[in-house]
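Survey of secondary and tertiary structure
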Amino acid sequence: MSKDYVQQAGMNKDVRVDGKRVAGKMRFNPPGSGGSRPEMAERDMEFIPELEGGNEAQPAGGHFQDKYRTGTTVGKRTPLVDANAKVTGQAWYGDDVRLANELIGRIIRSPYHYARVKSVDTSEAEKLPGVIAVSTGVDAPSQFGVLPVTKDEHAMAVEKVRHVGDLVACVAAVDEETARHAARLIKIEYEVLDPVHDPKKGLLDVDEPIHWRGPYHIGSTNVQKRVFQEFGDRGSLEDTTQAFHNGKWKFMGVNHGFTEPHAVVAHWDPNGRLQLYTPQQVPHYAHRALSTVLEVPMHQINVIRTFVGGGFGGKSDPFPHEMCAAILARKAGRPVRITFDREEVFWVNRGRHPSHIEVKINANDEAKISGFEIDALIDGGGFASFGHVTSYYNGVLATAPYELGSFHYTGARVWTNKPASGAMRGHGAVNTRCAIEVGLDDIAEKLKVDPVDLRLANLLPPHSKTITGFRITSNGMRQALERVREGSNWSEKFRKLPLGKGIGIGCGFFISGSGLPIHWDPHNFPHATVHLQIDMDGGVTVHTGAADIGQGSSTAVAQVVAEVLALPLEMVHVRSHESDTSPVDLGSYSSRVTFMNANAAIGAALEIREKLLNAAGEILDVEPEKLVLNDRRIYVKRDPTIGVSYLDALHKSQEDIGALIASGAYRTPPMGGIHKGAAAGLAPAYSFSAYVAEVDVDVDTGQIKCTNVWAAHDCGKALNPLAVEGQIIGSCHMGLGQVLSEQMVYGRTGHLQNPNFLEYKIPSVHEMPNVTPIIIESCDPEGPFGAKEAGEGPLLPILPAVVNAVYDAIGVRINDLPLTPDKVWAAISKKMKKLKLDDPRDLPVPTLDFSELQKKLEERSNEHRLRDSRRQRMEDTGPYLNGVLFGLDPTLPPEEQDETWKISVKPDSSQLDNLGLAGSAWTKKEQRHMAGGK
Amino acid sequence: MVGEDFVSMIPAAQSEIWYGEVNGQTKEVIAKSNSILLDVLRDKTGCLGVKRGCDMGTCGCCTVMIDGEPRLSCLTMAHDVSGSKITTVEGLSDGSHLAPIQQCFADHGGSQCGFCTPGFLIASQALLEKNPNPTEQQIACAIEGNLCRCTGYQQIVQSIQAAAAIHRGDAEAVASNNAAHADPHPSGPEI
Ligand code: FES
Ligand code: FES
């Protein structure tokens, strides 16, 4: 480091020649926040919406919160508010919490896939000098789980271990060496049981199911959850079928691969309260589970969320190791820190479900999609985790953005003796989305039309309802498709590239916050709450429970507060780490934080804004409606020289009450159908995305390199384009890993073979394509300033886009992810054999001659473009239901107009014989309906 | 970790005095002779900015500069580098003055969750010290051993390019870097 530098912050050197700057130095003039200045920074008209008189374009129309925009930060490329902590190494993650007198905890895990724990003898370990506490399952018999309906986990094994790596006991010792040594001295006697590894076997009756659900257990199988959903009529499809696609897919399990391994520090303070430091995405659920397992009321536990080194869904379950640390710390009377090594992260897993998915798509002679049939068998591993939800998401999130004639879904999630699967970025929607989008590519090929036009002519418009009854508000799907088509020069390339080069398209659709969150009572709690507090110094403290896991939620919340109050971002401080000071928040999952927390924050800020305006009005003796806020000043609209400083107004409004405090909350509007499972997939808004990917395939080796991606994502309104782009590119990276290289490999004996980053292949910088992020702003009517999610949805389209591009490059479809060179090469050789070729370089590439349908599609999509833009701008507010394209009346629900239309959530007896793989779970009866059921 | 029998592979090690110049300060600590550098830095010298992501040389989170070279501290025996000059992320800034590379990571979205950031910063700083004018390919090669799960690398590469411009003394880049952190709301004189 340059040594010729005098370390004296601010010595007349605000700016240093070497480009470094004086941190912490901002020219706020004393007394701190701008006094009564005659001049101030002008409103940044570039960031005031055009309907409010500014220059910010609003192609999708206005928003009801536009009038509160002040041009301060919303829409600007804003570095994360905690970025400086991260680049200086001062951000404190789980393992960075070092308390005085700490002990190191170590977990003893099962070496067997499935076994009964007969005895645990800890006496040897306890005798080892340096060992302070040892604990086993008997210390915490209460069950927990992230979903209240499926509490099937224990802190440590109580009766059985259910996968290799399942927790059996734990020790706390003075240092890691001793703890590791002690772990090996614990003697455990197991009775090995017959494990189930293949999810297909999970559908069969066995002697000893992995869990037992009593009267609700399905036969004596390992089926954890089964779903059946039918909308429309299956029979009527077949006559009009012009093109038919049937794809049988296999998806491997995928791990989140966050860089920070799990870590936890537990400490019972002198008052007997638990202080638990953990990198959690959802501290509130951990809080609840801790209270259950430790048998301590929630108010005696303070969950402190440390910085989170990546979550992606993998840190959203309450985890047994968190309980272990707390139990050990209670026994030892000293803080206990447990840090995982990378292998343990894989044993805990909660990654994407390994799945067998079958997709059938029909299209009629007008190239309308007459139906989707999806059958998804998903491998849940040893525990339920988020399984109920995943089982639904695999079906219901695949329907939109398309208008369908019918939709049939059968899904089953089975327990197997593997580390549990759970929620991962794009929860439940990723695999089926891939299968559907590839199916549509195939349908387009069979109809001899452009797959982009096929999609454009079958989209649901904005402000409509999907076939499953989800309420779509803003919808930028059409613009997304058009922008990527344009950006990638699609028409010049598609089906025109030489062998080995290909281009493909994929779309995505995802929830922006779940309408019915897990622990939630619609009558008592809002979805999100934010408190604001302003003391006399003028700084704003925002209390929110939203967990910033790197996605920038603290930044988004700070931004909207700064925007409403027209304060520099530096005057807004977000406090979100402790459950003691933060209002309950349901956590960072289902892409809910921006939508719900920013809305709650705007609500609170508006309350403060009103108080400030009233105070200023009183001082100036004008009506508050005539005042504007800008840059720490409140002034009369028509004459900016008449005004007061923000501080003066603040102090005036604080005269009688001291600090200004406001609380804002967000609750979703009532929505959704009444059928069983109607709530799964409901969201106050949905995001849409479309990607075009270009690949190079080496036909000699089967190696695929993705070279270019055009990624359009409709996030409603980009509060912070820098972060939105970061999310898009990051999603692209993660999806690319799943489609090209990442897989959890279970060997013949069911053992996980690659629990490390050496063999679990995450793309490095060299594998990354050039991503062109394209932000589509459709302005959601209910989103904060129009915003929707951007964290998960952008992951979905990359998988099918790459698979479709590979087909374009070599004319082979591979339905088995990841597309590793061996699989690609095997597919190439098979094709060569079939065509009797010797040289892979002679492989034919697919070509495209448009049929006359293409014209029709273009016409239809042109008509729809008009329809969509009118609906988006609310010029047409008539109702629109899925089915209008098929001639239904948009004002009536389909079941009232078409007697063959049905909504059913249970197969009737005539259907039982021709159900798919997962559907066959319905042939079993629940115990309570069985003669002699247990 | 998952296994029944305890096989002690490494005989109990002696403690010894380990010393080094960590971030410009001479440190002397007592450590086991078989300690790895990552543990010594995190547990003994208080450099908690050095991160452990995998412990087996696959993630790059633990990268530190040893005598000017970026190395993986999880694969380095502390004993072997005793006496060396070691720079961790904490040593990049002068007090609270951020180094250009840090500032650029913050400003260009090079850091999301931030756990990989210390490793990336060191790897890129080492590159820039040798080559203030790297091509995109050279940047990629410099950070190929570092894993980032959040950003998809693109904004990291952009951050490094921006920092390179400052290192070259590219006037505009220096100015814009400063401008990015001038008072966002310059105020008139107080009256
Ligand atoms: S901890 Fe050293 S490379 Fe991962
Ligand atoms: S920023 Fe999270 S791993 Fe790189």
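Residues numbered from 1 in each chain as written. Chains lettered and ligands numbered in written order. Predicted model: local features only at pLDDT ≥ 70, side-chain atom pairs only at ≥ 80, totals over all residues. Heavy atoms only, no water.

1. Some remarks on the overall build of chain A
Helix and strand counts for chain A stand at 19 helices and 29 strands. Since a compact globule built from 934 residues should have a radius of gyration of about 30 Å, the 29 Å found for chain A is in line with a globular shape. For chain A, the spread of C-alpha atoms along the three principal axes comes to 85 × 80 × 60 Å. Relative to its full complement of 934 residues, chain A shows a buried share of 65%. Considering only contacts within chain A whose residues lie at least 6 apart along the sequence, 79% involve residues at least 24 apart. Looking at chain A as shown, the accessible area adds up to about 32700 Å², and 51% of this sits on carbon and sulfur atoms. Between the centroid of the 102 positive side chains of chain A and the centroid of its 117 negative side chains there is a distance of 3 Å. (Helix = DSSP H or I, 4+ residues; strand = E, 2+ residues; numbered from the N terminus. Rg over C-alpha atoms; globule rule 2.2 N^0.38 Å. Buried < 20%, exposed > 50% of the residue type's maximum accessible area, 1.4 Å probe, protein only. Contact = heavy atoms within 4.5 Å. Areas by Shrake-Rupley, 256 points an atom, 1.4 Å probe, with all protein chains shown as cover. Lys, Arg positive; Asp, Glu negative; His and termini not counted. Charge placed at Lys NZ, Arg CZ, Asp CG, Glu CD.)

2. Concerning the overall build of chain B
A tally of helices and strands in chain B yields 6 helices and 5 strands. Sorting the 191 residues of chain B into buried and exposed places 54% on the buried side. Pairs at least 24 apart in sequence give 55% of the contacts found in chain B among residues at least 6 apart.

3. Digging into the domain arrangement of chain A
Accessible area lost on assembly of the parts is the figure often given for the size of an interface. In terms of domains, chain A is made up of domain 1 (66-90 + 517-666), domain 2 (460-516 + 670-861) and domain 3 (867-922). Placing the centre of domain 1 of chain A and that of domain 3 of chain A at their C-alpha centroids yields a distance of 42 Å. (Domains from an automatic or database assignment.)

4. Let's talk about the state of the cysteines
Residue and element names in this part refer to chain B. Summed over the entire model, instances satisfying the criterion amount to 0 disulfides over all chains. No disulfide involves Cys61; its nearest neighbouring cysteine sulfur is the one of Cys59, lying 3.6 Å away. For Cys61, a relative accessible area of 0% corresponds to the buried category. (Disulfide = S-S within 2.5 Å.)

5. Some thoughts on the domain arrangement of chain B
All names here are of chain B. With domains assigned, chain B is organised as domain 1 (15-91) and domain 2 (100-168). Measuring from the centre of the C-alpha atoms in domain 1 to the corresponding centre in domain 2 gives 21 Å. Counting from both sides, the interface comprises 17 residues of domain 1 and, opposite them, 15 residues of domain 2. Both sides of the domain 1 and domain 2 interface together cover about 1200 Å² of buried area, and 67% of this is carbon and sulfur. On the domain 1 side of the contact with domain 2, Cys61, Met65 and Val89 bury the most area, a combined 38% of that side's loss. Put simply, domain 1 and domain 2 have 1 salt bridge between them. For the salt bridge of Glu69 with Lys130, the shortest nitrogen-to-oxygen distance reads 3.5 Å. Our count for the contact surface shared by domain 1 and domain 2 stands at 3 residue pairs in polar contact (both at pLDDT 80 or more). (Buried area = accessible area lost by both parts, 1.4 Å probe. Salt bridge = Lys/Arg side-chain N within 4 Å of Asp/Glu carboxyl O. Polar contact = N/O pair within 3.5 Å; in protein donor to acceptor, adjacent residues only side chain to side chain.)

6. Section: the pattern of salt bridges
Per the stated rule, a full pass over the model turns up 68 salt bridges over all chains. The residue Arg455 of chain A makes a salt bridge to Glu437 of chain A at a minimum N-O spacing of 2.8 Å. Here the residue Arg455 of chain A occupies a position in helix H9 (residues 451-456), and Glu437 of chain A occupies one in helix H8 (residues 430-447), the gap between them amounting to 18 residues. In this structure, Arg455 of chain A and Glu437 of chain A share a single accessibility class: buried. Bridged by salt links that share partners, the residues Asp95, Asp96, Arg98, Glu102 and Arg337 of chain A together with Arg42, Asp43 and Lys51 of chain B form one connected network.

7. Quick word on the sheet that holds strand S21 (residues 572-575) of chain A
Residues and elements named next belong to chain A. Read from one edge to the other, the open sheet built from 4 strands follows the order S21-S20-S19-S25, with strand pairing classed as mixed. Each edge of the open sheet carries a strand with a single partner, namely S21 and strand S25 (660-666). Neighbour-to-neighbour, the strand axes of this sheet turn through a mean angle of 20 degrees, independent of strand direction. In the sheet, strand S20 (residues 540-544) pairs with S21 via 4 bridges, with the strands oriented parallel. Its bridge partner being in S21, Val542 is matched across the sheet by Val574. (Pairing = 2+ DSSP bridges. Axes fitted to C-alpha atoms, helices over the stretch in contact; angles between N-to-C directions.)

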